[in-house]
Amino acid sequence: MDNLTALTLLPHEQLSIAHTHETGELNRYRRLALSFLPIAPHISRLMAALGMECEQRIQTLRNVATQLELEACVSLNPPRESPFLPRSSRHFFVVDDAMSRDALMGAEDAAEVTCRLFAWLLETNATPELHRPLLAFVTQKNNEYRIIQECREPGRPIWTSRMPQHIKAASAI
């Protein structure tokens, strides 16, 4: 890395950055889970599962902070959204295929940013207690990114209407 200040991050700074970002990710995945619930419950469940993984990473960060006696770095209430991602002002509920694709594209973009952020934190890490968790986070975030990419693959149905098939057939006539 060419940025010299990036090489001087202290453990409390890394913990704070990781905790703030992961809390924002948790809130974003919860919001996405609710957004997809009415029209694509399978994607809603996926987003809820990704949110639960965020909760596990947050707990891991708290455990490491306790081990390093840096609990203050993870005890503050971080902002509801990650400062590393652009704010979203879209509609809350996904109502059609175009909105699904937009929401998933936004999730994919955010997952890519998160992959780079955790890779950077691992690269700039000099604290042995943080190495194993950050390495695991990088692997998990790369998997998360790949899963979200697979949701957007062409030809894969994104949303399913809750309208019964016989009503759909009748309305098509």
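Note that the coordinates shown come from a computational prediction; the quantities given were computed from them, not determined experimentally.

Overview of the overall build of the chain
Then comes step 1: Within the chain, the secondary structure is distributed over six helices and zero strands.
Then comes step 2: For the chain, buried positions account for 38% of its 173 residues.
Then comes step 3: At a minimum sequence separation of 6, the contacts of the chain that also span at least 24 residues come to 79%.
Then comes step 4: Carbon and sulfur atoms form 58% of the exposed surface of the chain, whose accessible area is close to 10100 Å².

A word on unusual backbone geometry
Then comes step 1: One non-glycine residue, glutamate 69, adopts positive backbone phi at about 60°.
Then comes step 2: Among the secondary structure elements, glutamate 69 is positioned in the loop between helix H2 (41-67) and helix H3 (72-75).

Overview of the packing of aromatic side chains
Geometry of an aromatic ring pair is reported as the spacing of the ring centres plus the angle between the planes.
Then comes step 1: Within the structure shown, the criterion is met by one aromatic pair.
Then comes step 2: With a centroid separation of 5.6 Å and 85° between ring planes, the pair formed by phenylalanine 118 and phenylalanine 137 is classed as edge-to-face. Of this pair, phenylalanine 118 sits in helix H4 (residues 97-123) while phenylalanine 137 is found in helix H5 (residues 128-151), placing the two residues 19 residues apart along the sequence. Neither residue differs from the other here; phenylalanine 118 and phenylalanine 137 are each classed as buried.

Structural notes on a nonpolar patch on the surface
Then comes step 1: Taken together, the side chains of Leu34, Leu37, Phe92, Phe93 and Val95 define a hydrophobic patch exposed on the protein surface, amounting to about 460 Å² of accessible area.
Then comes step 2: Tracing the backbone shows phenylalanine 92 in the loop between H3 and H4.
Then comes step 3: We classify phenylalanine 92 as partly exposed; its relative accessible area is 36%.

Some details on the pattern of salt bridges
As a working rule, side chains carrying opposite charge can pair if their charged atoms are close by.
Then comes step 1: Within the structure shown, the criterion is met by 10 salt bridges.
Then comes step 2: The residue lysine 141 makes a salt bridge to glutamate 25 at a minimum N-O spacing of 3.7 Å. Taken together, the residues span a long stretch of sequence, with lysine 141 in helix H5 and glutamate 25 in helix H1 (residues 11-36) at a distance of 116 residues.
Then comes step 3: Classification of lysine 141 by relative accessible area gives buried; the value is 0%.
Then comes step 4: Arginine 30 is the salt-bridge partner of glutamate 55, the closest N and O atoms lying 2.6 Å from each other. In this pair, glutamate 55 sits in helix H2 while arginine 30 sits in helix H1, placing the two residues 25 residues apart along the sequence.
Then comes step 5: Since its relative accessible area comes to 35%, glutamate 55 is described here as partly exposed.
Then comes step 6: When salt bridges with common partners are traced through the structure, they connect Glu22, Glu25, Arg28, Arg57, Lys141 and Glu144 into a single cluster.

Focus on H2
Then comes step 1: Here H2 spans 39 Å end to end across 27 residues, near enough to the 39 Å set by a 1.5 Å rise per residue.
Then comes step 2: For H2, the complete set of buried residues consists of Ile43, Ser44, Met47, Leu50, Gly51, Cys54, Arg57, Ile58, Leu61, Val64 and Ala65.
Then comes step 3: Those residues of H2 that are buried are in contact with H1, H3, H4 and H5.
Then comes step 4: Looking one or two residues beyond H2, the residue adopting positive phi is glutamate 69, at roughly 60°.

What counts as what
- Residues numbered from 1 in each chain as written.
- Predicted model: local features only at pLDDT ≥ 70, side-chain atom pairs only at ≥ 80, totals over all residues.
- Heavy atoms only, no water.
- Helix = DSSP H or I, 4+ residues; strand = E, 2+ residues; numbered from the N terminus.
- Buried < 20%, exposed > 50% of the residue type's maximum accessible area, 1.4 Å probe, protein only.
- Contact = heavy atoms within 4.5 Å.
- Areas by Shrake-Rupley, 256 points an atom, 1.4 Å probe, with all protein chains shown as cover.
- Phe/Tyr/Trp six-rings, centres within 6.5 Å; stacked < 30°, edge-to-face > 60°.
- Patch = residues over 30% accessible without salt bridge, like charges linked within 9 Å, V, L, I, M, F, W, Y side chains within 5 Å.
- Salt bridge = Lys/Arg side-chain N within 4 Å of Asp/Glu carboxyl O.
- Expected span 1.5 Å × (residues − 1).

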